[in-house]
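Structure at a glance
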Amino acid sequence: MAEAAAQPGKHGEQRGGYRVRATWQAIRRLPLENFPLMLPHVHPVAAFFILRRLKRLGFSNCKVVTTTKGLVVHAQR
């Protein structure tokens, strides 16, 4: 058990139901075509970065809701 904890994580590693890879992709490559947008397995800390990016791109009425399955993003152009 201690040996597995000492090794670096792999892509898609789960931590408490959240996946590191899913969180990173939500921050870096958020699809902007359709809202509301469900982002499964994304950590709630990503909400700050998602909202910041949406506002910078000119979206209004932005909101991110945390659910047990991930994040739900609402925005309007």
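Described in the following lines is the structure provided in the data block. (Residues numbered from 1 in each chain as written. Predicted model: local features only at pLDDT ≥ 70, side-chain atom pairs only at ≥ 80, totals over all residues. Heavy atoms only, no water.)

A look at the packing of aromatic side chains
Rules: Whether two aromatic rings pair depends on their centres lying within 6.5 Å, for rings of Phe, Tyr and Trp, where Trp uses its six-membered ring; planes under 30 degrees apart make the pair stacked, over 60 edge-to-face, and the rest tilted. Note on conventions: DSSP H or I runs of at least 4 residues are helices, E runs of at least 2 residues are strands, and numbering of each starts at the N terminus. Under the scheme applied here, a residue whose accessible area is under 20% of the maximum for its type counts as buried, over 50% as exposed, and between as partly exposed, the area being computed with a 1.4 Å probe on protein chains only. Placement of a charge over a ring requires the Lys NZ or Arg CZ to be within 6 Å of the ring centre, with the centre-to-atom vector within 35 degrees of the ring normal.
All told, the structure shown has two aromatic pairs when counted by the stated rule. An angle of 70 degrees between the planes, with centres 5.5 Å apart, marks the rings of Phe 35 and Phe 59 as edge-to-face. With a gap of 24 residues between them, Phe 35 in the loop between α2 (20-28) and β3 (37-40) and Phe 59 in the loop between α3 (46-56) and β4 (60-66) connect regions that are remote in the sequence. Where Phe 48 meets Phe 49, the ring centres are 5.1 Å apart and the plane angle is 80 degrees; that geometry is what we call edge-to-face. Phe 48 gets classed as exposed once you look at its relative accessible area, which sits at 53%. Geometry around Phe 59 places Arg 77 over its ring, the cationic atom sitting 4.1 Å from the centre.

Points about the sheet that holds β3
This is how it is decided: For two strands to count as paired, DSSP must find a minimum of two bridges between them. Axis geometry follows a simple rule: fit a line to the C-alpha atoms, using only the stretch in contact for helices, then measure angles between N-to-C directions, giving values from 0 to 180 degrees. Two residues form a contact once any of their heavy atoms are found within 4.5 Å.
The strand order across the open sheet formed by three strands is β3-β5-β4, and the pairing between neighbours is antiparallel. Here the strands that pair on one side only, and so sit at the sheet edges, are β3 and β4. The average undirected angle you get between the axes of adjacent strands in this sheet is 15 degrees. Bridge count for β3 against strand β5 (residues 70-76) is four bridges, and the pairing is antiparallel. Paired with Leu 37 across the bridge in β5 is Val 73. Of the strands in this sheet, β3, β4 and β5 touch α3, which is tilted by about 165 degrees from β4.

Observations regarding the pairing of β5
Most of β5 is tucked away: five of the seven residues are buried. Looking at chain direction, β4 and β5 are connected through five bridges and run antiparallel. Considered in β5, the bridge of Thr 66 is made with Leu 71. Between β4 and β5, which pair antiparallel one after the other, the connecting turn spans three residues.

Regarding α2
Rules: Here the arc refers to the set of directions running from the helix axis out to each C-beta atom.
Those residues of α2 that sit buried are Ala 22, Thr 23 and Ala 26. Looking down the long axis of α2, one finds its buried residues gathered within 100 degrees of arc, a one-sided arrangement. Opposite its buried face, α2 presents the exposed residues Trp 24 and Arg 28, each directed more than 90 degrees away.

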